[in-house]
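# Topology and contacts: notes
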Amino acid sequence: MKSILKLFSKISKGNLGEEQVLETMINLLKNGSNESNFFIIPKVQIADLAASKEIDIVLLHPLYGLYIIEVKNWNKLIITEENNPFNQAKEYKNLLLSKIKDEFGKVAINIEYRVVFPTISTQEAKEFFLENKNLEAYKNHAFFKEDLISKENFKRFFNSSFSVIPNKKEFLKIASLIVDKEKIKNNENKILPIISQDEVIYFDYTQLSVLNGYNGDFKIIRGVAGTGKTIILSHFVNNKLNTGVAENFLILCFNKKLVENLNNIFIDNEHKNNIKISSLFSFLNFINFDYEKVGILDKKDFQKIYENFETDVSLDEFRTKLKIFLQKNPIDYFICDETQDMPAGFMRIIYEEIKDCIFFIDEAQKFYTYSMNDISNIFNHPKFEKIDMRGKVKNLKNVYRTPSNIAKCAFEILSNDEKLNKYYKRSAFYLKNDFLTDINFVLEDGNIILDNWNNFQDLKTLLEKQTQDTIVLTYTTKQVEAITNIIKSINKDEIIKAMTIQSVKGLEAQNIIIHNFDMFLNQSLKYEKDIFYRKLYVLLTRAQKNLYISYDEKILNDEISKNVIKIIEKNQSLFKEEIAEEKEHKLVNLTKLKPTKEQVKTTGEFIVLGAELFAVIGGLFS
């Protein structure tokens, strides 16, 4: 949570009081019912005739409603007619209430306002209200320094006089009303974070508008790791489906993990039957692609398989089977995630047969030798007529997912790939200078920890300390089996998974542990030198918080590997283990703070993913 608050302090220009309020709210909400969800949006702009007003914090919760929160970092409690924060907060409440009534024709959600004075003590406040009896009505809306420390006191923050519980569709629509489209549009560099139960999502105009004006044919969306390509994909699909037109989508990903991620995003969409999501090889099996007919007998040698995919016989077989599939399953839009990992000829045929295609790509994530070098492999394919790509490419350059120092470390290593640098400058026009200059890093630093846990006993000690979702990446399947047994022995299999490094595409976790990094460096340099730096870049950008790298410096003999370690050492942060003391009293489940009505609980307890909210808000910009 620290990274969210530090990001907020940058956005709010160092208002520490607002950080305290955020932290207290989040701690209380996240320890509440796992069946409910919430969104906290700092610095919300709302239009008032010709002017625009800014609310410090808005909390949107399916059970408790919409809270307008004003934070006043005052040294003394002085309220006048000209300077009354309660009237200010009520004015904001009425503005939002008016917007909601106009949209729904009713009050679709409970709306409350709160004013928090983080530097004023409750004793000072008590004396103030005794002296100013005419302001006593505001006491229930006011919170002070001690309230932010005592969670028992702060729980009254969520009290309300009545309950209006929106359904899920209304809840998402209300969220979209909070975001000022024009404000973001007029300031393309503005980044708006939304903190939710499940994730933190970031908006900027480039992300929200990247597919504006798309009216068919093909579009290429290029962005390095962590720039929000997958969530933009979901925004586009959800927005199209929510227009009420029953259009059909085919979404191809490289592996099953990416398919699973997308299925989770669309799981509650009422039009999910219009979306077919498949991995490449599952799709080939689904359309009955005849491997034997095209001469593929060994399905484990992917290098040879991909070479075969570009032969005339394979291209003909794929086109024939795709046409049969499309006759029974008409597709309006084709979307490809991680396009660089797809067979170029097959993607070209899909474009020719479907036409309306969006290709999401990051050539820097060429993790396999058989992956395509760049997007021109599709449109300048030697076996097809050349197609002009000018005006078809949109670039994303804000990294939202990976902590800044981890991302910078990965990009500094990637900068050693001269061939990629030249491509991104000349052909793709993605870079003007270099990765570290042209890419924007949004988050605060994470932790990079270098040590030697190659020994399984040392690794076990490290794994025992993990409390959040963790992925251990190692070099061989035998090591995966051994590490999986260790994880089971310490009863951590719910939060820790072991996988091979080759399985890394599509993965991300709070903590990534790279086991036997030395072996990975040695083997990659020996067998995959051309994509050595790209593999490292993909590997390092999987971590959302902590990156543990285990290696034995005695094993590293070559200068390239030693230089990689030097770059990692330069970017690593000082790491101190923090052992949290267990508290005797757990927080009360927040759902018990409301009137106990089964109807309320049934209606109110639903999960809304940040990705769904992004899709709804993003739709405003299409």
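Everything here concerns the structure above.
Just so we're clear, the structure is a prediction, and the values are computed from it rather than from any experiment.

Conventions we followed
- Residues numbered from 1 in each chain as written.
- Predicted model: local features only at pLDDT ≥ 70, side-chain atom pairs only at ≥ 80, totals over all residues.
- Heavy atoms only, no water.
- Helix = DSSP H or I, 4+ residues; strand = E, 2+ residues; numbered from the N terminus.
- Buried < 20%, exposed > 50% of the residue type's maximum accessible area, 1.4 Å probe, protein only.
- Contact = heavy atoms within 4.5 Å.
- Areas by Shrake-Rupley, 256 points an atom, 1.4 Å probe, with all protein chains shown as cover.
- Core = buried A, V, L, I, M, F, W, Y, C linked by side-chain atoms within 4.5 Å.
- Domains from an automatic or database assignment.
- Axes fitted to C-alpha atoms, helices over the stretch in contact; angles between N-to-C directions.
- Parallel < 35°, antiparallel > 145°, perpendicular 65-115°, else oblique.
- Left-handed = near helix turned anticlockwise from the far one by under 90°.
- Polar contact = N/O pair within 3.5 Å; in protein donor to acceptor, adjacent residues only side chain to side chain.
- 1 Å grid on protein atoms, 1.4 Å probe; cavity = no way out; pocket = protein on both sides within 12 Å on 5 of 7 lines; lining within 4 Å.
- Points joined across faces, edges and corners; volume = space filled by probe spheres on them.
- Nonpolar A, V, L, I, M, F, W, Y, C, P; charged D, E, K, R; others polar.

### Some points on the overall build of the chain
Helix and strand content of the chain: 26 helices and 20 strands. Counting the 622 residues in the chain, one finds 55% classified as buried. For the chain, the proportion of contacts with a sequence separation of at least 24, taken over those separated by at least 6, is 77%. Only carbon and sulfur atoms are counted for the fraction: they give 46% of the accessible area of the chain, which is about 28,400 Å².

### Observations regarding the nonpolar core
With 96 residues, the main nonpolar core has F359 and F517 as its most contacted residues. Each of domain 2 (205–401) and domain 3 (440–571) contributes no fewer than three residues to this core. Apart from the residues within four sequence positions on either side, F359 is in contact with F218, K219, I220, I221, F334, C336, T339, M347, Y351, I375, I378 and F379. By size, the runner-up hydrophobic cluster in this structure holds 78 residues, among which are L97, V179, V259 and I265.

### A word on the packing of helix α10 (residues 229–241) against helix α11 (residues 256–266)
The N-to-C vectors of α10 and α11 enclose an angle of 40°; their axes lie 11 Å apart at closest approach. What the angle tells us is that α10 and α11 run oblique. Seen from above, α10 lies across α11 with right-handed handedness. Where α10 abuts α11, its residues T230, L233, S234, V237 and N238 lie against L262, I265 and F266.

### Things to note about the side chain of E412
The topology assignment puts E412 in helix α17 (residues 404–414). Among the polar contacts made by the side chain of E412, one reaches the side chain of K570 at a distance of 2.5 Å. Beyond its immediate chain neighbours, meaning those up to four positions away, E412 contacts L436, I567, K570 and N571.

### Some thoughts on the environment of R348
Among the structural elements, R348 can be located in helix α15 (residues 344–354). For R348, a relative accessible area of 2% corresponds to the buried category. Note: C-alpha distance between R348 and I378 (30 residues apart in sequence) is 5.4 Å.

### Comments concerning the layout of surface pockets
Reported here for the second largest pocket is a volume of approximately 650 Å³. Considering the residues around the second largest pocket, the lining is formed by 24 residues, among which K169, L172, N242, E270 and V616 are closest to the centre. Listed by contribution, the elements that provide at least two residues to the lining of the second largest pocket are α7 (168–178), α10, α11 and α26 (610–619). Counting residues per element, the lining of the second largest pocket draws most heavily on α7, at six residues. Split into classes, the residues belonging to the lining of the second largest pocket amount to seven nonpolar, ten polar and seven charged. Here the lining of the second largest pocket spans two domains, since at least three of its residues come from each of domain 1 (1–195 + 600–619) and domain 2 (205–401).

### Considering unusual backbone geometry
For N288, which is not a glycine, the phi torsion comes out positive at approximately 65°. Mapped onto the secondary structure, N288 falls in the loop between α12 (280–286) and α13 (302–309). Accessibility expressed as a relative area gives 54% for N288, which makes it exposed. With a phi angle near 55°, N491 is a residue other than glycine that sits in the positive phi range. Tracing the backbone through its elements, the reader meets N491 in the loop between α21 (477–489) and β18 (496–500).

### Quick notes on empty space enclosed by the protein
The gaps left among the atoms become clear once a water-sized probe is rolled over them. For the coordinates displayed, the defined rule picks out one cavity of 30 Å³ or more. Roughly 70 Å³ of internal volume is contained in the largest cavity. Taken together, I41, K43, V44, Q45, I178, V179, D180, K183, I184, K190 and L192 make up the full set of residues lining the largest cavity. Secondary structure elements with two or more residues in the lining of the largest cavity: β1 (39–48) and α8 (181–186). Among the elements that make up the lining of the largest cavity, the one with the highest residue count is β1 (four residues).

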